[in-house]
Amino acid sequence: MTNAYDVAHFLAGMMLVCSFTLLYQDRILAVLNTFAVQAIMLSLAVAWQGYVRNAPDLFITAAMAFGLKGIIIPVALNRMVEKLGIKRGVDQVVNVGVAMFLGLGLTSLALLLVLKVTPGAASFTREGLALALAIILLGLLQMILRRNAVTQIVGFMSIENGLILAATGARGMPLVVEVSVAFSVLIALFVFAVFLFRIRERFDSVDVESLDKVRAARAHR
Amino acid sequence: MNEAVYAVFGIPFLSALLLALIPSYRLTALGNVLASGLTFAAGLSFLTLPPVTETYVILDDLNKFFIILNTLVGFTTSLFSRSYIGHEIATGHLTPLFVRFYHAMFQGMMGAMNLALLANNIGLMWVGLEFATLMTVIMVGIYRTPAALEAAWKYFILGIVGISLAFFGTILVYLAGQGVLGEGEAAMTWSELIKIAPQLDAPLLNIAFIFLLVGYGTKVGLAPLHAWLPDAHAEGPTPISAVLSGLLLNVALFALLRFKMLIAANPNALAPGPILITMGLVSLIFAAFMLYQRQDIKRLFAYSSIEHMGLITFAFGLGGPLLNFAALLHMVMHSLTKSAIFFAVGHVTQAKGTQELSAIRGLSVSNPVLAFALAAGVIAISGLPPFGAFMSEFLIITATFAREPLLALAVAFGLLIALGALLMRLQDILFGEPTTPNHPVSAASAPIFVHLSLILIAGMFLPPAIVVWFRRAAEMLG
Amino acid sequence: MPATIQSFVAQGAQMFFVLAIAPAVTGITRKVKARLMRRRGPSIFQPYRDLLKLVRKDSVLAPNATWFFRSAPYMIFAFTWVAAALVPTLASGLMFNWAADVVALVALIGAARALLALAAMDAGTAFGGIGSSREMMIASLAEPASLLVALTIAFAAGTTRLPEVAQFLIAQPLEIRVSFALAFVALVIVALAENARIPVDNPATHLELTMVHEAMVLEYSGRHLAMIEAAGHLKLTLYISLIICLFLPFGMAPFDGTAGAWAIGIGSYLAKLGLAAVALGVWEVSIAKMRVFRVSEFLGGAFTFAFLAILLEFLSREVQR
C-alpha cells in the first residue's frame, strides 16, 4: 500500500514539476517536449491506478493519453512549428521569477484548499485532486502569461492533463466520461489548429499580441 | 415513446454527419431546416410524455420546457439562417465550402445543447456544453477577418477556463456523491444525487459549487466573466449570435440551476442565493450602463443579453416559487425576443452593409417591415407592455419588492437605465435620413413574426396549462 | 571520561581530515576536466603545491587597503573551516554534533561570504565592486533556496541537526520520494552557485564580463590568497559532504561503531567524494556558462524546486496521516 502510494505520488509530483517547467521554459520546442513528458507521466499515473485498483478500463485512458498527448500531438505541433516557421523564443508577459512566485502561490493555495475540504476521502483521491487542481491553475496561469498561440495551446492541454488526473483520482468515474473528455480534447485541438493557420494567414505570426492590436483598435465599440 | 427523448439529440447529430457530406450549400441549408424541423417535432412530442428517468437521460418538468424552447428557436433560426447565409454567399462574404461545414456544425451544436439539457449524468451534461461551445467557437471565427479571429480566440480562451473549472467542480460533486452512493455511475447521476442531497458532504459541495459557478457562469456571461460575449456576438454570423443569446446562455444557466438545486437541498451547505444575487445584480447594472456607449448594433444587443442574464440569475438567486416562476418565464421571453431581434438585426446589417450604429439610420423609410420588427423587438426586450417580457419583469420586481425592497429598487434602476439606452438607440435607427445606400435583401420575416406573436400572446394571456407547468418547474427549483 | 576524549579526538581528526582532503577534491575535478579536454592536466596534488607556493610568497597590498582587507582572509578561512568540520562525513555522533545544525551551517557560510564581499570592496577597485554586487545577487537567491532545502529535510526527519537527519535517513527503507529528488536538484544548483562553478561562474577565467568570485579576490596575493583559496577548497568539500550526508548517507559509521564500521565509513565517504568530484568535472566540461542576467532565473528554478519539495512533502504527510 505504501509503495503503491509512493509511485502515484512520484508520478503526480513529476507532472507538477513539468507544469513548472512549462512556465519556466522560453523555447517552443522545449515547451513541446516538456508537455510530452507530462503526458507520458500522466499515462503512467493512470495506468498505475488501473493496476493498483484492478480497474482495466483505466488502461484505455492511459493508452489514449500516451498515444494522443504523449506522441501524436507533440509531434504534430512540432511539425506545425517547423512548417509555419514560428520564431523559437516565446515572449512572457512577466519575467520568470514573478511567474514562478505566482505559480508557487497558486500551488500552495490548491493544496491547502483540497486538503481542507476533503478530510474524509481516500489518500489517492486527495493526493490526485490536490495536485490536479495545482496543475489546472498552473495551466491557466500559463495561458495568461504567454503571448504565443502555440504555448497557449500547450497550456490548455496541460489543463486537460490535470483534469484527467483529477478524474482518475476520484475512483470509479464512468469510462464514458473519460472517453468523451479525450474526444473533446481532440476536437479542441482541431479548433486550435484551424485557428493557428488562420491567425498565421492573417498576421504572419502566431503571436497573440497581433490580436491585441485589433482589440485596441476597437476598444470602445 | 421514449424514442423521442433520444431523437431530440440523435437527429441533429446524425444530420450533422449527413450535412457534412453534401456539397451543395442550397441542399444543406434545406437539410438544416428539415433536421431542425424534425427535432422540433420530437421536442413538441414531449408535451405528451410522462417524466422519464434513465441512466443517461432524464426528462422532468424543468428541462421539458427548456428543450421545447430550444428546438423551437433552433428551427426558426435555421429558417432565418437559410436566407441570411444565401445573402452572404451572394455577396461573397462566405464561400460555399465554409457554409457546408457551417450547417453541419449548426446541427452538431443543437444536438450538443439538447444533450446537455437532457443529460442525467453530470459528466455528460458537461460534455454536451463543452461540445456546443467548441462548435460556436469555430462558427464565430468563420468570417476569418482579424476581428472575427480575435473574438473567437478570446471566446475560446475564456471558454476553456470555464470548461476546466466546471469539470473540476463536476468531479468534486462526484466525489461528494461517492461518499454516499459508492463508486460508479450512480454518483454521477443527477436523479440519484438529488435524492441523497441532504447527506452529501457539505464543505465538498460548497467548493464544488464555487467551481461550477465560475465555470458555467463564464458561459452564462455573468459580469466579471463576460468579456468574450460581446465580441463573439458581434463578429460571428448573426444566426449564431441569435443562438448564442437565445439558447447557449440558457443552457449554461440551466446547468448551473441543476447544481443550485443540489446544493439548496443540503441544509449544511452554503446558501447559493447571495452569490447569485450579487453576480446577477452586478451584471445587470454594469451591462445597463455599457449599453450607452456602444457603436456596433450587435454588441449593443449582446450587452442587453448580459443584462437580462443578470436579471434572471438575480431572480433565481432570491428564489421562492414566485420568483423562480418569473425567472423561468423571463428566460423564455428573453430567448424568443432576443433571437427575433437578432434575426431582424441580421437583415438590417445586410441591408445597410454595416454594423456601425452611426451608419444605420432611417430604417422606417428604407425597410419598413424590418423597422417594424426591430421596433417591436426592442420595445419587448426593454420590458414594455404589451409583450411577455413586461409581465416577467413586472413579476420579478413586485415579488422582489415584497421581500427585499432595497434590492428591488436596484433592479428597477438597472432596468430603467437599460430602457433609456435602448429606446434612445431605437429612435436613431428608425428615424432620420437613410445615410447609406440600401442593398436589396430578401428577408425571411416568418421567423421574426412567429417569435413576436408568441411573446405578444404570452404578454396578453398565458394559457393556464403553461402556468401550471411553469409553477411545477418553479417548485422543483425550491 | 574516555567517551568525551574519544569524541574530542574523533572531531579533531575529522576537522583535519577535511582540511587535508579538500584541495585534492579540487585537484581531481581539474584533472578530470583537463583529461576530457584531451590535455594531460596538472597532477591532482597541484592545489597543495599552489597553496604552499602562495604561503611562501610575499603579499602585495593596495596602499589604501585597511586592516579589514588583511584580516578578512583569515576570518573567511576560519568560518569555512568550522562549517566544513560540522558536517558529518565519516561518522555521526561527534563532539560538536549539537552544533551541526543546517541553519547554523547556512549562517556560517553566509558570514564568510559577507566578509569576502566587504573585503573585495575595501581595496576600492572597480572589479571588487562588480564581484561583490554579483555575489550578493546570487547569494540573495541561493540562500533562501538552501534554507528551504534544509527545511524540507527537517520536515521529513523532524530535526535540523545533520547527524540526526543522517541517522533518520539511514534507518528509512529505500523508497521513491519526489520531494527529496527536488530538494537534491535544488541543493546541487545552490552548491554550483555557491562554489562559483559553471554555469553560474567560471573558476578558470578572468574575463571581466563574466567573473564573479575571481573578481572579488583579484586584489589578494601571497598568504592572503592562500587562505582564500583554501577556504574555496573547503567550501567545495563542504557542499559535497552536505549533499552526501543529506541524500546518500549510506555507509556512515555510527560513533560507537567498530573499527570495521569506521573503515567502511571512511571508504564509502572517500569513494562518494571522489565520484562527486569526477561528476563535477564532467558537468563543467559538458555545459556552457550562463549570462549573468540569466543566473537569477537559474537560481529561481532552485528556489522553485525547493519550495515544491516542501509542498509535496507536506502533501504526502497530510494525505497519509
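What you are looking at is a predicted structure, and each value in this text was computed from that prediction instead of being measured. (Residues numbered from 1 in each chain as written. Chains lettered and ligands numbered in written order. Predicted model: local features only at pLDDT ≥ 70, side-chain atom pairs only at ≥ 80, totals over all residues.)

Time to look at the overall build of chain C. Along chain C, the regular secondary structure elements total 11 helices and 0 strands. The linear arrangement of helices and strands in chain C, starting from the amino end, is α-α-α-α-α-α-α-α-α-α-α. Projected onto its principal axes, the C-alpha coordinates of chain C cover approximately 60 × 45 × 45 Å. (Helix = DSSP H or I, 4+ residues; strand = E, 2+ residues; numbered from the N terminus.)

For chain B, the helix and strand inventory stands at 19 helices and 2 strands. Whereas a compact globule of 478 residues would reach a radius of gyration of roughly 23 Å, chain B reaches 21 Å, a difference of no more than 12%. Reported as C-alpha extents along the three principal axes, the dimensions of chain B are approximately 65 × 55 × 45 Å. Counting all 478 residues of chain B, 62% fall into the buried class. Taking all contacts inside chain B whose residues are at least 6 apart in sequence as the whole, residues at least 24 apart take part in 81%. (Rg over C-alpha atoms; globule rule 2.2 N^0.38 Å. Buried ≥ 20, exposed ≤ 12 C-beta atoms within 10 Å, placed from the backbone. Contact = placed C-beta atoms within 7 Å.)

Residue and element names in this part refer to chain B. Between helix H15 (residues 368-381) and helix H17 (residues 405-430), the least distance of the axes is 10 Å, while the angle of their chain directions is 175 degrees. Taken together, the axes of H15 and H17 lie roughly antiparallel to each other. Between H15 and H17, the contacting residues are Ala371, Leu374, Ala375, Val378 and Ile381 on the first element and Leu422, Leu426, Ile429 and Leu430 on the second. Considered class by class, the residues forming the contact of H15 with H17 number 9 nonpolar, no polar and no charged. (Axes fitted to C-alpha atoms, helices over the stretch in contact; angles between N-to-C directions. Parallel < 35°, antiparallel > 145°, perpendicular 65-115°, else oblique. Nonpolar A, V, L, I, M, F, W, Y, C, P; charged D, E, K, R; others polar.)

For the rest of this paragraph, the subject is the interface of chain C and chain A. Listed as interface residues are 18 residues of chain C and, on the opposing side, 23 residues of chain A. Elements that contribute at least two residues to the side of chain C that touches chain A include exactly helix H7 (178-194) and helix H11 (292-320) of chain C. Among the elements that take part in the side of chain C that touches chain A, H11(C) stands out by supplying 14 residues, more than any other. Split into classes, the residues belonging to the side of chain C that touches chain A amount to 9 nonpolar, 6 polar and 3 charged.

Okay, unusual backbone geometry next. Backbone torsion omega between Pro385(B) and Pro386(B) reads 5 degrees, so that peptide bond is classified as cis. Assignment of secondary structure puts Pro386(B) in the loop between H15 and helix H16 (388-403). Residue Pro199(C) follows Ile198(C) across a cis peptide bond; omega there is 10 degrees. Mapped onto the elements of the fold, Pro199(C) is located in the loop between H7 and helix H8 (213-216). Of note in the backbone geometry, Arg38(C) takes a positive phi value of approximately 65 degrees without being a glycine. Summarising the element assignment, Arg38(C) is placed in the loop between helix H1 (2-36) and helix H2 (46-56). With 7 C-beta atoms counted inside 10 Å, the residue Arg38(C) sits in the exposed group. Despite not being glycine, Ala196(C) has its phi angle at roughly 55 degrees, a positive value.

Turning our eyes to something else, we now look at the environment of Ala255(B). Residues and elements named next belong to chain B. Note that Ala255 resides in helix H10 (residues 238-264). A tally of 25 C-beta atoms within 10 Å means that Ala255 is categorised as buried. The spacing of Ala255 and Pro434 is 179 residues in sequence and 44 Å in space, taken between C-alpha atoms. Those residues in contact with Ala255, other than ones at most four positions away along the chain, are Ala116, Met125, Leu129 and Tyr216.

Residue and element names in this part refer to chain B. Relative orientation of the contacting elements helix H4 (residues 96-118) and helix H5 (residues 122-140) amounts to 155 degrees, with a least axis distance of 8 Å. The orientation of H4 relative to H5 falls into the category roughly antiparallel. Both H4 and H5 take part in a crossing whose hand is left-handed. From H4, Tyr102, Met105, Gly108, Met109, Ala112, Met113, Leu115 and Ala116 reach across to H5, where they touch Leu124, Met125, Gly128, Leu129, Phe131, Ala132, Met135, Thr136, Ile138 and Met139. Residue composition of the contact of H4 with H5, by class: 15 nonpolar, 3 polar and no charged. (Left-handed = near helix turned anticlockwise from the far one by under 90°.)

With that settled, the discussion passes to the domain arrangement of chain B. Residues and elements named next belong to chain B. On domain assignment, one finds that chain B holds domain 1 (1-270) and domain 2 (271-478). The distance between the C-alpha centroids of domain 1 and domain 2 comes to 21 Å. In this complex, domain 1 contributes 41 residues to the contact, which on the side of domain 2 involves 45 residues. The set of elements that each furnish at least two residues to the side of domain 1 that touches domain 2 consists of helix H3 (61-90), helix H8 (202-220), helix H9 (228-235) and H10. Element by element, the count of residues in the side of domain 1 that touches domain 2 is highest for H10, at 15 residues. Residues that form the side of domain 1 that touches domain 2 fall into these classes: 25 nonpolar, 13 polar and 3 charged. (Domains from an automatic or database assignment.)

Here we take up the nonpolar core. Core analysis: the largest hydrophobic core is formed by 354 residues, its most contacted members being Met15(A), Ala116(B), Leu118(B), Leu374(B), Ala145(C), Ala186(C) and Ala306(C). In terms of residues, this core owes the most to one element, helix H6 (residues 146-181) of chain B, which gives 23 residues. Leave out the neighbours within four places in its chain, and Leu118(B) touches Val5(B), Val8(B), Phe9(B), Val57(B), Ile58(B), Leu59(B), Asn63(B) and Ile67(B). (Core = buried A, V, L, I, M, F, W, Y, C linked by C-beta atoms within 7 Å.)

Residue and element names in this part refer to chain B. Taking 1.5 Å per residue, 20 residues should reach 28 Å; helix H2 (residues 25-44) reaches 28 Å between its end C-alpha atoms and fits that length. Within the sequence span of H2, burial applies to Tyr25, Thr28, Ala29, Asn32, Ala35, Ser36, Thr39, Phe40, Ala42 and Gly43. Buried residues of H2, viewed axially, fall in a sector of 160 degrees; they line one side. In the core, the buried residues of H2 are packed alongside helix H1 (3-21), H3 and H4. (Expected span 1.5 Å × (residues − 1). Arc of directions from axis to C-beta.)

Residue and element names in this part refer to chain C. The topology assignment puts Thr237 in helix H9 (residues 222-247). A count of 26 C-beta atoms within 10 Å places Thr237 in the buried class. With 42 residues separating them in the primary sequence, Thr237 and Asn195 have C-alpha atoms 9.8 Å apart. Aside from chain neighbours lying at most four places away, what touches Thr237 is Val18, Ile21, Ala22, Val25 and Ala84.

Once that is clear, we can look at the arrangement of the chains. Summarising the chain contacts, 2 pairs of chains touch, and the pair with the most contacts is chains A and B. Nothing in chain B touches chain C; the tightest C-alpha to C-alpha distance between them is still 16 Å.

Residue and element names in this part refer to chain C. Structurally, Glu219 can be placed in the loop between H8 and H9. For the pair Glu219 and Tyr269, spaced 50 residues apart in the sequence, the C-alpha separation amounts to 36 Å. When neighbours within four sequence positions are excluded, Glu219 is seen to be in contact with Ala62, Ala123, Thr125 and Gly128.

Another point: the confidence of the model for chain C. Residues and elements named next belong to chain C. Overall, the prediction assigns chain C a mean pLDDT of 86, with 95% of residues at 70 or greater. Looking at the elements of chain C, mean pLDDT is at its lowest for helix H6 (residues 162-171), recorded as 82, and at its highest for H2, recorded as 93. Interface confidence in the predicted complex, given as ipTM, is 0.83; pTM for the same model is 0.84. (pLDDT = per-residue confidence, 0-100.)

Before going further, it helps to examine helix H4 (residues 102-122) of chain C. Turn by turn, an α-helix covers 3.6 residues, leaving residues three or four places apart pointing in a common direction. All names here are of chain C. The end-to-end C-alpha distance of H4, which contains 21 residues, comes to 30 Å, matching closely the 30 Å that a straight helix rising 1.5 Å per residue would cover. When H4 is considered as a whole, its buried residues turn out to be Val102, Leu105, Leu108, Ile109, Ala112, Arg113, Leu116, Ala117, Ala119 and Ala120. Positioned one or two residues after H4, Gly124 has a phi angle of 80 degrees, which is positive.

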